[in-house]
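# Breakdown of the fold
The chain contents come next:
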Amino acid sequence: MITTDILDSNITYLPGVGPKRAELLNKELSIYNFRDLLYYFPYKYIDRTKYYKIEELDPDLPLVQIKGFIRGYSTEGHGKGKRLTADFQDETGTIKLVWFKGTKWISGNYPPGPEYVIFGKPGVFNGIINIIHPEIEASDKLTERISSALQAQYSTTEKLKDNFLTSKNISKLAGNLLKQLKLKLPETLPSWIVKHYGLMELDQALRKIHFPSGPEELEKARYRLKFEELFYIQLNLIRFKTNRSLKNKGFIFSTVGTYFNSFYNNNLPFRLTEAQKKVMKEIRRDLGSGKQMNRLLQGDVGSGKTLVALMSMLIAIDNGYQACIMAPTEILANQHYQTISALLRGIDIKVCLLTGSSKKADRKIIAESLLDRSLNILIGTHALIEDNVRFSNLGLVIIDEQHRFGVEQRSRLWQKNLHPPHVLVMTATPIPRTLAMTLYGDLDVSVIDELPPGRVPVKTMHFNDRERNKVFGFVRNQIREGRQVYFVYPLIKESETMDYKDLEDGWDTISRVFPSPEYCISILHGKMAPADKERSMKLFKDGHAQILVATTVIEVGVDVPNASVMVIESAERFGLSQLHQLRGRVGRGADQSYCILMSSDKLSKEALKRLEVMIRSSDGFEIAETDLQLRGPGDIEGTQQSGIPFDLKISNLARDGQLIEYVRRIAEGIMNTDPTLSDTKNAVLVMELRRLFSLKQSWSNIS
Ligand code: ADP
Ligand code: MG
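Just so it is clear, the structure is predicted and the values come from calculations on it, not from any experiment.

Calculation criteria
- Residues numbered from 1 in each chain as written.
- Chains lettered and ligands numbered in written order.
- Predicted model: local features only at pLDDT ≥ 70, side-chain atom pairs only at ≥ 80, totals over all residues.
- Heavy atoms only, no water.
- Buried < 20%, exposed > 50% of the residue type's maximum accessible area, 1.4 Å probe, protein only.
- Helix = DSSP H or I, 4+ residues; strand = E, 2+ residues; numbered from the N terminus.
- Arc of directions from axis to C-beta.
- Contact = heavy atoms within 4.5 Å.
- 1 Å grid on protein atoms, 1.4 Å probe; cavity = no way out; pocket = protein on both sides within 12 Å on 5 of 7 lines; lining within 4 Å.
- Points joined across faces, edges and corners; volume = space filled by probe spheres on them.
- Nonpolar A, V, L, I, M, F, W, Y, C, P; charged D, E, K, R; others polar.
- Core = buried A, V, L, I, M, F, W, Y, C linked by side-chain atoms within 4.5 Å.
- Pairing = 2+ DSSP bridges.
- Near = heavy atom within 4 Å.
- Polar contact = N/O pair within 3.5 Å; in protein donor to acceptor, adjacent residues only side chain to side chain.
- Areas by Shrake-Rupley, 256 points an atom, 1.4 Å probe, with all protein chains shown as cover.
- Phe/Tyr/Trp six-rings, centres within 6.5 Å; stacked < 30°, edge-to-face > 60°.
- Lys NZ or Arg CZ within 6 Å of the ring centre and 35° of its normal.
- Axes fitted to C-alpha atoms, helices over the stretch in contact; angles between N-to-C directions.
- Salt bridge = Lys/Arg side-chain N within 4 Å of Asp/Glu carboxyl O.

When helix α10 (residues 258-267) is considered as a whole, its buried residues turn out to be Phe260, Phe263 and Asn267. Down the axis of α10, the buried set is contained in an arc of 100 degrees. They therefore lie on one face. Residues of α10 that are exposed and point over 90 degrees away from its buried face: Thr258, Asn265 and Asn266. Looking at the buried side of α10, the elements it contacts are α11 (274-288), α12 (305-318) and α13 (330-343).

So, in structure tokens, the structure goes:
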């Protein structure tokens, strides 16, 4: 079907644009056609019925509007600082208006005399309040032009402003466009949805979002557009999930047999927590259902996910299948291998480890035993997804710390079988519920929301750099009591060289304060060869080294129960979820543990808030929620590879949680009653899904 949709017209053809401005709009705002401009929404609105008096002005105010008179122009400064200024006066005082550009035009068109309305951001220079490049218009003309009390403000850039594409002029372009669109814009939601949920029609919403006549109308327009944006994201996720389960038959793991039972009865070192039991039930239900499992297991650090993973694998083995775990680092894969081998002692199950540093001979053995089915569990890193690793009957794939993997890596593991295996992805980065609904909206979610009993909560403290000696004293006492200590340095990709310098300097200081032979210090960072890493880790694990100086490579999974102090250097540079992960490395034994956040004494408000949350809360979900509110969804780990293929234009994953849940339920209802979306009343849905997502299907989550 060919449609000639006026909204697809090139933006060049809009009155007031032309080739040069079109190019700028392309480059600066990604506006290519009429639709892009129509959906370039204002970021805020200014109440143009409100006027300030000059005596009320101060430089902290946002944009203000004032009525008054120009008392005369003068030229000040030289060269680049050369500017036109005007004294602007109302009955309460005088301010300066300043122009660096377009000065002739200003003084020519706005002579002293009539009353003007000016609009801009107050600043201050030499103790006098000024406004640089204000909008200016004669009072009588203004009342004519402004039909709406709420004036839309659009974000713009310096380049655009240089070419007169100010917020005001973008607004004019939007006005020109709406005038061109004489016919009512076609609905992008089925009419039954618009009616049933009391939504404003699309045509109205798009007109009113640019030119609202009042706050109520604006709210309705915004709601309609947010509803639609979030609804299609959810509908797409749920449609994807539904299609997958219609298409993929899952292996049926019907029995819980000898392996599982003998582990449960003889080897399980402790009672499962209620949360672990609940999650096992959910997984068992999936595995026996005949549908392919795609489940996300969320559980805070130390909540015991490994055990859940192992028991799930035992069910696979009981049913004659192989299972594998993929972990993001060698250290972690190694540790899983050791933990799991130890837990399976005395049970006849073959477990192997495959990482980048596995020897050729070992690889050969692994390859053979995968094919002759004698190998039951393969644990490894990215090495698992190499083409030459072939399973003969892979039934269950477990991905640990899944946010560390790219979407593509995950799906490659999944493709290791003709038949899709069951998939369990685990994460210790708690994701707020509504965010998870969008990021992992096509997965079922299980949560371990309880820690094993007997854990003493970690005490968290904050010190600044000048209190370093106090911290060293504290560390010394802890070591005297037989404890071990981590010092962690940030490692941000962009400033890697500087970060390694910090690490080296830190190491120097620490080795001076804790000299050998009394103390033994181990070091661990990403640039070390695997064998060296292993040696360092072992030194610390076996208790020979009292101190481990490291970068964030230790963030995931490292388990040394005797370590009771985590010192995090430059803590202000870490994200909250990272701090929380790091803190999770201590508090694993029975003793009181401590997390010490070191920072400079000059902190931004936001950084201070983040550190405060760490001190106050040990609940990963609360911390993640705060992170989301403070930094927005873009900065949350894992968002970059999310299932959202385009920028959100109007909704906000941090603030619109309730609406997300609401539209998700609506989308689920629709997919339940019309799983193939073939009902004619839903035809619009299919069209829109195709338009919004067709080219972008490859982002789709792990399967
Ligand atoms: P994570 O969820 O962070 O992967 P782990 O699986 O590494 O957590 O478990 C953390 C620690 O808790 C391990 O030492 C593990 O043996 C222990 N653990 C797990 N489940 C229980 C339980 N039900 N009771 C007591 N300790 C447990
Ligand atoms: Mg773990």
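Overall, the coordinates contain two cavities of 30 Å³ or more when judged by the stated rule. Surrounding the largest cavity, ten residues form its lining, Arg48, Val117, Glu135, Ile136 and Glu137 being those nearest its centre. Among the elements of the structure, β5 (116-120), β8 (135-138) and α4 (139-145) are those that each provide at least two residues to the lining of the largest cavity. Here the lining of the largest cavity is composed, by residue class, of five nonpolar, no polar and five charged.

Take the nonpolar core next. Of all hydrophobic cores here, the largest spans 53 residues; its most connected members are Leu189, Phe227, Phe231, Tyr232, Leu235 and Leu378. Residue contacts for Leu189: discarding those within four places in its chain leaves Val194, Leu199, Arg224, Phe227, Glu228, Phe231, Tyr232 and Val684. Of all hydrophobic cores here, the second largest spans 38 residues; its members include Phe263, Met293, Met313 and Leu396.

Turning our eyes to something else, we now look at the pairing of strand β11 (residues 322-326). In summary, the side chains of a regular strand alternate between the two faces of the sheet. Here β11 lies mainly inside the structure; five of its five residues are buried. Across the two faces of β11 the burial is the same, with Gln322, Cys324 and Met326 and Ala323 and Ile325 all buried. Summarising the sheet, β11 and strand β14 (residues 394-399) pair through five bridges and their orientation is parallel. Across the sheet, the residue bridging to Gln322 is Leu394, located in β14.

Bringing the site of ligand 1 into the picture now. Near ligand 1 you find 17 residues, and of these Arg271, Gly302, Lys305, Thr306 and Arg455 are the closest. Within the backbone of Gly302, one N or O atom sits 2.6 Å away from an oxygen atom of ligand 1. Contact between ligand 1 and Thr306: an oxygen atom at 2.6 Å from a side-chain N or O atom of the residue. For ligand 1, whose free accessible area comes to 570 Å², the fraction covered by protein is 78%. The element contributing the most residues to the shell around ligand 1 is α12, with three residues. Of the residues in the shell around ligand 1, the class split is five nonpolar, six polar and six charged.

Given two aromatic rings, one states the distance between the centres and the angle between the planes to describe the pair. Summed over the entire model, instances satisfying the criterion amount to 19 aromatic pairs. A centroid spacing of 6.1 Å and a plane angle of 75 degrees characterise the contact between Trp105 and Tyr110, whose relative ring orientation is edge-to-face. Between Phe514 and Tyr519, the aromatic rings sit 5.1 Å apart at their centres with planes inclined by 80 degrees, giving edge-to-face as the arrangement. Judged by relative accessible area, Phe514 falls into the buried class, the value being 1%. Relative accessible area serves as the criterion here: at 9%, Tyr519 is assigned to the buried category. Following the ring pairs from residue to residue traces out a cluster consisting of Tyr197, Tyr223, Phe227, Phe231, Tyr232 and Tyr662. Across from the ring centre of Tyr51, 4.3 Å away, lies the NZ or CZ of Lys67, which sits over that ring.

Okay, unusual backbone geometry next. The peptide bond linking Ser516 to Pro517 adopts the cis configuration, its omega dihedral lying at 5 degrees. By the element assignment, Pro517 lies in the loop between α18 (496-513) and β19 (521-524). Its identity is not glycine, yet Asn126 carries a phi of approximately 50 degrees, on the positive side. Within the fold, Asn126 resides in the loop between β6 (122-125) and β7 (128-132). Phi is positive for Arg373, which is not a glycine, with a value near 70 degrees. By the secondary structure assignment, Arg373 is in the loop between α14 (360-371) and β13 (377-380).

What holds strands together in a sheet is hydrogen bonding between their backbones, with the strands either parallel or antiparallel. Sheet architecture is open: seven strands sit in the order β12-β13-β11-β14-β15-β10-β16, paired in parallel fashion. At either end of the open sheet lies a strand with only one pairing partner, and these are β12 (351-354) and β16 (444-448). Each strand of the sheet is rotated relative to its neighbour by a mean of 20 degrees, with strand direction disregarded. Looking at chain direction, strand β10 (residues 294-299) and strand β15 (residues 422-427) are connected through five bridges and run parallel. Bridging across to β15, Arg295 finds its partner in Leu424. Packing of α14 onto the sheet brings it into contact with β11, β12 and β13, and relative to β12 it is tilted by some 130 degrees.

On to the pattern of salt bridges. The tally for this structure, following the rule as stated, stands at 37 salt bridges. Arg35 is the partner of Asp5 in a salt bridge, and the nearest nitrogen-oxygen pair spans 3.2 Å. Of the two residues, Asp5 sits in the segment before α1 (18-29) while Arg35 sits in helix α2 (residues 34-38), which places them 30 residues apart along the sequence. A residue is classified by how much of its surface remains accessible, and Asp5, at 28% relative accessible area, is partly exposed. Among the salt bridges present, the one from Glu76 reaches Arg83, with a minimum N-O distance of 3.4 Å. Assessed through its relative accessible area of 23%, Glu76 is described here as partly exposed. Judged by relative accessible area, Arg83 falls into the buried class, the value being 19%. One salt-bridge network, in which partners are shared between bridges, spans Glu76, Arg83, Asp87 and Lys96.

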